[in-house]
Every structure is written in structure tokens, then in C-alpha cells.
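Examining the three-dimensional arrangement
Listed here are the chains, written in short residue letters.
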Amino acid sequence: MYELVKDLGSWLTSGTQWSGSDGIAHRLAEHLQYSLLATLIAAVIALPVGLLIGHTGRGAFLAINLSSFGRALPTVGLVVLVFLASGLSMTPVYVALVALAVPSIVTNTYAGMSAVDPEVKDAARGQGMRGHQVLVQVEIPLAMPLIMTGLRLALIQVVATATIAAYVSFGGLGRYVFDGLAQRDLVQVLGGAVLVALVAVALDLVLATLQRVLFSNRPA
């Protein structure tokens, strides 16, 4: 075990391991690109859905059940299915990652909107605000902490799962995991897994800190 940890430390800190097209820096950039783009696409899809059902109260049952269905989808199976339909491209990876991220964003956005006190909304309408003004000026600001939580959870899930890009011969940190398994190189496999975990933890800490700074002084 000591030798394995020592070899892993050497692998992670080697200068040559960080340079070149197969280096950690390049693979990390690819992994972040896949993760951030997939989360952005998921947000564009899921935020309007969550805001709509939270604001109107309609379609909640269908949306939440569809979100639960999205969580239950086997990610690798979805990648293979889309891969067979679209061919060799990043499309299957993005489809799977977006499908994984949408449920967290929809459910947390809906929960945040539902948690807004009805009396606050009635007071806003009593001051002459129309429906879209209540949504933009009252409901969304009050729901924002839970909306941010949904985005945060979605991004961390996507980062942890973006290793599947290597499953269809693309890059990212998953390249070390799949290549290491093919070569029976345990150090490389562990190195890839550790890097993915570190990226997920680092992003979670950054987003949690940002969320705390933005909303810590908000009145209850």
C-alpha cells in the first residue's frame, strides 16, 4: 500500500505528467469544458421549466416524475444508445450529462419557488405588480439560494460523471481511468480517480463559499 501511495504521489507530481496533449493540465481543461458546457445546457433547459411550474403551480407532478426518471437513466447505457444513433462524436456524452444534470436543477428550482411565502406574493400584487414582475422581482430573488443549490449539485454530479467521455474515445480525466484499466496500470487508474474527486471537491467548495457570501446576509 505504501508503495502504491508513493507511486501515485510521483505520478501526480511529475513534471512530464502535466505537459503535452496527454498531460494532466490538458485533460483537466477538457474535463472542465465538458462539465461546464453540459451544466450550462442543462440550466438553459431546466431553469425555465422549474420557474414555470413553481410560478404557476401547474405541471409539478409531471415535471418532478420526469426528473426522477432522468435520475434513473443508466448514464453509460444512454451514451451507447445515442452513440449508435449519432455516430462517433461528443453528442452522446453531452446528452447523458445534460440528462443527469436536469433533474437537480428542475427540482431545486421548483422547491425554491414553492417555498416563497404566498403572502409575500399577494403583497407584491397588492402593490400593483403584474405576474411577470412578481416572478422576476420577488419570487426568483427569494428562491435563488435553492436554485443555486440545484446548479451546484448538478455541476458536481456532471464533473464526477464526465469520465464517460473517455468511454467513447474522447478526452478528460476519464482518459486516465480507461487507459489505465486497459493497460492494467493501477497507478494511472487511481491518479485519474483522485483528480476527478479533487476537482469535484474543489468546485463544491468554491460554489458553497460563493453561495454563502451571496446569501449569508439575506434577511430570513
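As shown above, the structure is provided for reference.
We now turn to the structure provided with this report. (Residues numbered from 1 in each chain as written. Predicted model: local features only at pLDDT ≥ 70, side-chain atom pairs only at ≥ 80, totals over all residues. Heavy atoms only, no water.)

1. As for the overall build of the protein
Scanning the protein for helices and strands turns up nine helices and zero strands. Order of helices (α) and strands (β) in the protein, N terminus to C terminus: α-α-α-α-α-α-α-α-α. Considering the protein as a whole, with its 220 residues, one finds that 41% of them fall into the buried category. Intrachain contacts of the protein at a sequence separation of at least 6 include 75% that bridge at least 24 residues. Here the protein displays about 11800 Å² of accessible surface, and carbon together with sulfur accounts for 67% of that area. (Helix = DSSP H or I, 4+ residues; strand = E, 2+ residues; numbered from the N terminus. Buried < 20%, exposed > 50% of the residue type's maximum accessible area, 1.4 Å probe, protein only. Contact = heavy atoms within 4.5 Å. Areas by Shrake-Rupley, 256 points an atom, 1.4 Å probe, with all protein chains shown as cover.)

2. A look at the side chain of E139
Mapping E139 onto the fold places it in helix α7 (residues 131-161). Beyond its immediate sequence surroundings of up to four residues, E139 is in contact with G54, H55, M113, V116, K121 and V134.

3. So, the pattern of salt bridges
With the rule as written, the count across this model stands at four salt bridges. Ionic pairing is found between R27 and D22, a salt bridge with its closest N-O pair at 2.8 Å. On the basis of relative accessibility, which here comes to 39%, the residue D22 falls in the partly exposed class. R27 is the partner of E30 in a salt bridge, and the nearest nitrogen-oxygen pair spans 2.9 Å. Pair noted here: E30 and R27 are both in helix α2 (residues 24-56), with a separation of three residues, about one helical turn. For the pair shown, E30 and R27 are each scored as buried. If you follow the salt bridges from partner to partner, you end up with D22, R27 and E30 in one network. (Salt bridge = Lys/Arg side-chain N within 4 Å of Asp/Glu carboxyl O.)

4. Focus on the packing of aromatic side chains
This structure, assessed with the given rule, holds three aromatic pairs. Both rings, one in W11 and one in Y176, keep their centres 5.1 Å apart while their planes meet at 90°; by these two values the pair is edge-to-face. Remark: Y176 occurs in helix α8 (residues 174-183) and W11 occurs in helix α1 (residues 2-13); sequence separation between them is 165 residues. Summarising the burial analysis for this pair, W11 and Y176 share the class buried. For the ring pair Y34 and Y94, a centre distance of 6.4 Å and an interplane angle of 85° mean the geometry is edge-to-face. Taken together, the positions of Y34 in helix α2 and Y94 in helix α5 (residues 91-114) put the pair 60 residues apart, joining distant regions of the chain. Of the two residues, Y34 and Y94, neither departs from the other in class, the shared state being buried. (Phe/Tyr/Trp six-rings, centres within 6.5 Å; stacked < 30°, edge-to-face > 60°.)

5. Concerning the packing of α8 against helix α9 (residues 186-215)
When two helices pack together, you describe them by how their axes are tilted relative to each other and by the distance separating the axes. Here α8 crosses α9 at 165°, and the two axes come no closer than 7 Å. As the angle between them shows, α8 and α9 are arranged roughly antiparallel. At the point where α8 passes α9, the crossing takes the left-handed sense. Packed against α8, whose contacting residues are Y176, V177, D179, G180, L181 and Q183, the element α9 presents Q188, V189, G192, A193 and L195 at the interface. Among the residues forming the contact of α8 with α9, the class breakdown is six nonpolar, four polar and one charged. (Axes fitted to C-alpha atoms, helices over the stretch in contact; angles between N-to-C directions. Parallel < 35°, antiparallel > 145°, perpendicular 65-115°, else oblique. Left-handed = near helix turned anticlockwise from the far one by under 90°. Nonpolar A, V, L, I, M, F, W, Y, C, P; charged D, E, K, R; others polar.)

6. Remarks on the packing of α7 against α9
Where α7 meets α9, the axes come as close as 9 Å, and the angle between the chain directions of the two elements is 170°. Put simply, α7 runs roughly antiparallel to α9. For the pair α7 and α9, the contacting residues are M144, P145, M148, T149, R152, L155, I156, V159 and A160 in the first and V196, V199, A200, L203, D204, L207, A208, L210, Q211 and F215 in the second.

Read these as layout, nothing more, since geometry by itself doesn't imply function.
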